[in-house]
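So you can see what is in the structure, the chains are spelled out below.
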There are 2 protein chains.
Amino acid sequence: MDKVELIGLDADDTLWESEIYFAAVEEKFLDLMGKYSSEDDLERTLSSNEISNLRVFGYGVKSFTLSMIETAHRASNGTITSTDIDKIISWGKELLQHPVTFLDGVEEAVHSLTKDFNVFIITKGDLLHQRNKIEESGLDALVTGFEIFHEKDPNSYRDFLEERNISPENFVMAGNSLRSDIFPVTSIGGKAIHIPHDLTWDYEKIVSDDAPSSGYKILERISDLPQLLRSGSELDS
Amino acid sequence: MDKVELIGLDADDTLWESEIYFAAVEEKFLDLMGKYSSEDDLERTLSSNEISNLRVFGYGVKSFTLSMIETAHRASNGTITSTDIDKIISWGKELLQHPVTFLDGVEEAVHSLTKDFNVFIITKGDLLHQRNKIEESGLDALVTGFEIFHEKDPNSYRDFLEERNISPENFVMAGNSLRSDIFPVTSIGGKAIHIPHDLTWDYEKIVSDDAPSSGYKILERISDLPQLLRSGSELDS
C-alpha cells in the first residue's frame, strides 16, 4: 500500500467520550421542558434548531446551548422563565468542563502509533473547549500537533495536507463520524478508518445518498489501529 | 534592524470594524434592560460577567451573547421574559453576520505588504465567525495564511513561530490591542507595532502594571506600515 506519512485522529467519541455528555444534558432539557411539549416534538425541534444554527454558530457546546435556549423559548410559547434559561446556560458551562474520559485502549494506541508515525489530532467544535480537552488528555505531548477545523469538509482536509506537503494517498484519518472523518477524506483520495461509537450525534450519521459505501476500513476498536497500519494491508478496498 | 521574515496582522479593529458592532448591540441591551437597572450597573455587571466567562466560554460573539443572557437574568431578578432573551440571541446572530467593513487604507496596505513580505492574519474569537470574515474580506487570497488563536498569549505566538521556524526577532506583529497584539509579542522577543483604534474593547486595554511602556512602535494608520517596514528603521526602540 501507499506509505503512511501522516495519521489523523478524530477526538470526540474517537479518543474520549463526548456525545454521552451532550445526551445527558439533552435528557435534563427534555425533563425541564416536559410540561410544555412532548419529548418527540422537543427532540425534533431542538435537533432542527441545532442544525439550522450550524451555519451561523458553528459547532460546539456554546452553539448547542444557544439552540437549547431558542428551543425552550419557542416550545414554551415565550413562557419559560429566565431562571430555567439560566439553568440551561449552567448545563452548557458544565459540558465545557467535564473531565476527559478516554475510550478503551486509547492511551496505549496513541502511544504505539506515535512511535512509528506522524500523528495529528483533528477535531472541530469550540476552539477553547477542544484545546482544553486535548491539553487535559496529555496526548498533546505525544502527537505531532492538533488542528481544530471549523468544518471537517474536503477543503479543510486538503488545505491541512497541502500546508504539510502530504499527498492525500499518504494520509490516513480515523474517527467515528462517517460525515466528518471518513467521506471527506476518501473523497480527496485519502485513506480512512471508521471506528464506530455506540453513541454518535445523529447529524454525524447523515450523509448524502451518493456517499461511497466502500473505500474505507471499519475497526471495532482503536486498539487494533497500530497493528492494522503496521501490517501494510490495503486500506481502501 | 533584524530581517523581517513574517508579519502578523491582527484582524478585528485592525483590518476591519468589530468593536462598533459589539457596542451597538450593547446599546440595545442597555435600552432593553433600562427598566430593571441603571446603565452604570448594567455595564459593570455585563463586563464582569463577560470577563469571568472568558475562562470557560473563550472569546467571541457566542460567548458575549451567553454573557448578555446571564446578565439579563440576574439584573432582572429572574423576571426577564424569554421573548426578550430570544431578542438577545437574534442580536448575537446579527453580530455574527455583519458585513466586513475595512478600516481606511487596509486593502492597499495589505496588497503592498504581501508584495515583499510573508503575511499572516492572526486573530481570536469564534472559529467559524473569524474564518467567515477573513474569507469575505478576500484578504485570504493575498496573505500566506491565517491563524485563529484561542488566546493571544506569549505561548500561542511562540508555538506559531516555532511551527514555521521563525525566530521571534524576525517577526513583526501589528494590531490595535496592547494586551493581545503587542505585549505578548515583545515579551518573547518579537517586534510589535501598535495601531490604536478609537474604539477598543476595555478588556483589551487592561494590561498588568509591569507591562513595558516601550519596545514597540506606534502608528496612527495601517497605510504607513509598508513604508515603515521597508525603511529598515529599528522597531524596538
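Remember, predicted model here, so these are calculated numbers, not experimental data. (Residues numbered from 1 in each chain as written. Chains lettered and ligands numbered in written order. Predicted model: local features only at pLDDT ≥ 70, side-chain atom pairs only at ≥ 80, totals over all residues.)

The next point concerns the interface of chain B and chain A. Facing 29 residues of chain B, the contacting portion of chain A comprises 29 residues. Elements with a contribution of two residues or more to the side of chain B that touches chain A: α2 (39-57), α3 (61-75), α4 (82-95) and α6 (127-137) of chain B. Considering each element in turn, the side of chain B that touches chain A owes the most residues, 8 residues, to α3(B). Of the residues belonging to the side of chain B that touches chain A, the class tally is 12 nonpolar, 11 polar and 6 charged. (Contact = placed C-beta atoms within 7 Å. Helix = DSSP H or I, 4+ residues; strand = E, 2+ residues; numbered from the N terminus. Nonpolar A, V, L, I, M, F, W, Y, C, P; charged D, E, K, R; others polar.)

Residues and elements named next belong to chain A. Across the sheet, 6 strands lie side by side as β3-β2-β1-β4-β5-β6; this open sheet has parallel pairing. Bordering the open sheet on either side are β3 (145-149) and β6 (217-218), each of which pairs with just one other strand. Taken together, the 5 bridges between strand β2 (residues 119-124) and β3 define a ladder with parallel strand orientation. Along β3, the bridge assignment pairs F120 with G145. Taken strand by strand, helix α8 (residues 178-187) contacts β2, β4 (171-175) and β5 (191-194), and its axis lies near 155° from that of β5. (Pairing = 2+ DSSP bridges. Axes fitted to C-alpha atoms, helices over the stretch in contact; angles between N-to-C directions.)

Moving on, we get to the environment of B:A75. Residues and elements named next belong to chain B. Of note, A75 is situated in helix α3. Taking the C-alpha atoms as reference points, A75 and A23, 52 residues apart in sequence, are found 19 Å from one another. Setting aside residues no more than four positions away along its own chain, A75 makes contact with M33, Y36, S37, L42 and T45.

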